[in-house]
Amino acid sequence: MSFLTNPQDAHFWVMIALVAFIAILWRANAHSIAGKALDDAGAKVQARLDEAKHLSEEAKALLEQINVQRAESERQAAAMLEAAAAEAERLRAEAAKDLEDDIRRMRELATRKIAVAEALATAEVKAAAADLASHAAETVLAARIAAAGADPLIDSGLAGLATGFR
């Protein structure tokens, strides 16, 4: 530390200049200006930090709201899908029932048509059989009458009867 006591040493004068500079800064209240500048810079940084914290909280709240809306939308979509599936099943069952009813009606109509056709065919067969039977009976009776008129015993008996009543 001998340089602090020797005015011939450059370090001595640098030390004196540094002490004088610090004294001038102290006398000019530079420390309070520097402190105020640091406080202002700190306040700006704190304001930015507070704003960032506020924005972060708003973003978290908005994210939570979006998540709630998304969950609600998903729930509504699931409910809509479930309702659509139920409606599709109901329509399918209704269509199957309608088809079954149509088939049953067609079957009943076909059965009725068959029954009517059978009745008509039976009536036609009975009428044809009756016509055939009456024609056969007519033929048989005509043959018997013709055969009866040709028998000489019957003819003489009939002639004798006819003369006996006169």
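In this text, all values refer to a predicted model and were calculated from it rather than measured experimentally. (Residues numbered from 1 in each chain as written. Predicted model: local features only at pLDDT ≥ 70, side-chain atom pairs only at ≥ 80, totals over all residues. Heavy atoms only, no water.)

Trainee: What exactly am I supposed to notice about the overall build of the chain here?
Mentor: A tally of regular secondary structure across the chain gives three helices and zero strands. Starting at the N terminus and walking to the C terminus, you meet the elements of the chain as α-α-α. Burial statistics for the chain: of 166 residues in total, 1% are counted as buried. (Helix = DSSP H or I, 4+ residues; strand = E, 2+ residues; numbered from the N terminus. Buried < 20%, exposed > 50% of the residue type's maximum accessible area, 1.4 Å probe, protein only.)

Trainee: Which parts of the structure should I look at to understand helix 1 (residues 10–27)?
Mentor: Residues that lie three or four places apart on an α-helix share one face, since the helix turns once every 3.6 residues. The terminal C-alpha atoms of helix 1 lie 25 Å apart, and with 18 residues this matches the ideal 26 Å at 1.5 Å per residue to within 8%. After helix 1 finishes, the residue N29 shows a positive phi value of roughly 60°. (Expected span 1.5 Å × (residues − 1).)

Trainee: Mind showing me how you'd approach the packing of aromatic side chains here?
Mentor: The geometry of an aromatic ring pair comes down to the distance between the two centres and the angle between the two planes. In total, this model carries one aromatic pair according to the counting rule given. Geometrically, the ring pair formed by F12 and W13 is edge-to-face, given 5.1 Å between the ring centres and 80° between the ring planes. (Phe/Tyr/Trp six-rings, centres within 6.5 Å; stacked < 30°, edge-to-face > 60°.)

Trainee: Is there a simple way to think about unusual backbone geometry in this case?
Mentor: Across the chain, the bulk of peptide bonds are trans and the bulk of non-glycine residues have phi less than zero. In this model, N29 sits at a positive phi of 60°, which is unusual for a non-glycine residue. As for its placement among the helices and strands, N29 is situated in the loop between helix 1 and helix 2 (30–149).

Trainee: Just checking my understanding: could you explain a nonpolar patch on the surface for this structure?
Mentor: A surface patch of nonpolar side chains, amounting to about 540 Å² of accessible area, comprises M15, L18, V19, F21, I22 and L25. Here V19 is to be found in helix 1. (Patch = residues over 30% accessible without salt bridge, like charges linked within 9 Å, V, L, I, M, F, W, Y side chains within 5 Å. Areas by Shrake-Rupley, 256 points an atom, 1.4 Å probe, with all protein chains shown as cover. Salt bridge = Lys/Arg side-chain N within 4 Å of Asp/Glu carboxyl O.)

Trainee: Would you mind showing me how to read the pattern of salt bridges here?
Mentor: Pairs can form between side chains of opposite charge whenever their charged atoms are close. Taken as a whole and judged by the stated rule, the model has eleven salt bridges. A salt bridge links E74 to R70, with the nearest nitrogen and oxygen atoms 3.0 Å apart. Linking E74 with R70, this pair stays in helix 2, spanning four residues, or about one helical turn. A relative accessible area of 43% means that R70 is categorised as partly exposed. When the shortest N-O distance is used, the salt bridge between D101 and R104 registers 3.9 Å. Placement of both D101 and R104 in helix 2 is noted, with a separation of three residues, approximately one turn of the helix.

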